Amino acid sequence: MQRIVILTGAGISAESGVPTFRGPDGLWEGHRVEDVATPEAFRRDPVLVQRFYDLRREALGRVKPNAAHKALARLDAEWPGELLLVTQNVDDLHERAGSTRMLHMHGQLKSALCPACDGRFRWEAPLSGETRCPACSAPDTLRPDIVWFGEMPYHMDEIDRALLCADLFISIGTSGNVYPAAGFVDLARHAGARCLELNLDPSMTSGRFHESRLGKAGDLVPELVETLLAG
Ligand code: OAD
C-alpha cells in the first residue's frame, strides 16, 4: 500500500473564503510581512500584531471546510496505508472537515503560546488586551502560536521522516515561495516518491514535480481522492 504525504497551502482554503497570502487580493498585499509576521514586529508593536491575528481568528467563525478539505478527510478515513497531511495553513478547516493524521507546521490561529514557560494553549478569544498565561500566570506574554519568519516550523523531524518514506507526495494550493515547505518536493522526489502538484496557477516549484494539474482545489482534490481510493 502506498505511503502518502500531502502538503497543503492557502489555496486549499481559498474557496472557503480565507484569503491567500500572495497575489492581488492576498493578505500580504495589505500588510508588510515584516510588520506583522516576525518576532521583531511583535516586540516593536504587539498591539498591531495581536489585532492582525485576532481578526483572522475571529474570521474562522464565518468560514467552513470546502469540497477539497472534505475529500482529504475522506482519504484520511479510508486510506488503509500510511498517510500524513502537513498543512502550512493556520486555519482549522482540515480538522473541522475530519482529518486526523495531520500536522500544522506553521502553527494555528486557535492556539496561544507563552514565551515565558513555552506552554501552548487552545485559544479562541482575542489575544489583544489583558491576558495571563494559564500555566505560569505571567501577565501579557501570550502571543499567537504562529511560526513567524525567522522561526523554526513545527514537527520538522516527523515530516522529514514521512517524506523520506513516501511513495506519493501531493502538494495542493501552495505557491512554493516559503521554505522549508517549498523544498519538500525535492526531498520526496530524491527518496523515490512520485510527486504531484494541484494548484490554480503554476507555482515557483511546478517544474520539480512529475506532474502538475492546474485548476481549483475544490474540483481537483475530490477527483484525485476518488481515483486513489478506487485503486
Ligand atoms: P500563497 O498565497 O503564497 O499561495 C497560494 C497558492 O494557492 C497560489 O499559488 C494560488 O495560485 C493557489 N490557489 C489560489 N486559489 C486556489 C484554489 N481555489 N485552488 C487551488 N489553488 C489555489 O500561500 P502559501 O503557499 O500557503 O506562512 O504560503 C506559504 C506561507 O507563506 C504561509 O503558510 C504563510 C505565508 O507567509 C507563514 O505565515 C509562516
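Going by the structure above, here's the rest.
The structure presented is a predicted model; accordingly, all values stated were derived computationally and were not measured.

Undergrad: Explanation requested: the environment of Asp45 in the structure shown.
TA: Following the sequence through the fold, Asp45 ends up in the loop between helix H4 (39–44) and helix H5 (46–59). With a relative accessible area of 33%, Asp45 lands in the partly exposed category. For the pair formed by Asp45 and Asp35, sequence separation is 10 residues and the distance between their alpha carbons is 8.2 Å.

Undergrad: What's the story with the nonpolar core in this structure? I'm lost.
TA: A general trend in soluble globular proteins is that nonpolar side chains are found buried together. Ranked by internal contacts, the top residues of the largest apolar core, which has 22 residues, are Ile6, Leu72, Ile170, Ile172, Val221 and Leu228. At 6 residues, the largest contribution of residues to this core is made by helix H10 (residues 217–230). Every residue in contact with Ile170, bar those within four places of it in the chain, is listed here: Ile4, Val5, Ile6, Leu7, Leu196, Leu224 and Leu228.

Undergrad: Help me understand the state of the cysteines, please; the structure alone is not making it clear to me.
TA: Among covalent bonds in proteins, the disulfide is the one between the sulfur atoms of two cysteines. Enumeration according to the criterion identifies 0 disulfides in this entry. In this model Cys117 remains outside any disulfide bridge; the closest cysteine sulfur is found in Cys133, 3.7 Å from its own. Between Cys133, a cysteine without a disulfide, and Cys114, which holds the nearest cysteine sulfur, the sulfur-to-sulfur distance is 3.7 Å.

Conventions adopted
Residues numbered from 1 in each chain as written. Predicted model: local features only at pLDDT ≥ 70, side-chain atom pairs only at ≥ 80, totals over all residues. Heavy atoms only, no water. Helix = DSSP H or I, 4+ residues; strand = E, 2+ residues; numbered from the N terminus. Buried < 20%, exposed > 50% of the residue type's maximum accessible area, 1.4 Å probe, protein only. Core = buried A, V, L, I, M, F, W, Y, C linked by side-chain atoms within 4.5 Å. Contact = heavy atoms within 4.5 Å. Disulfide = S-S within 2.5 Å.

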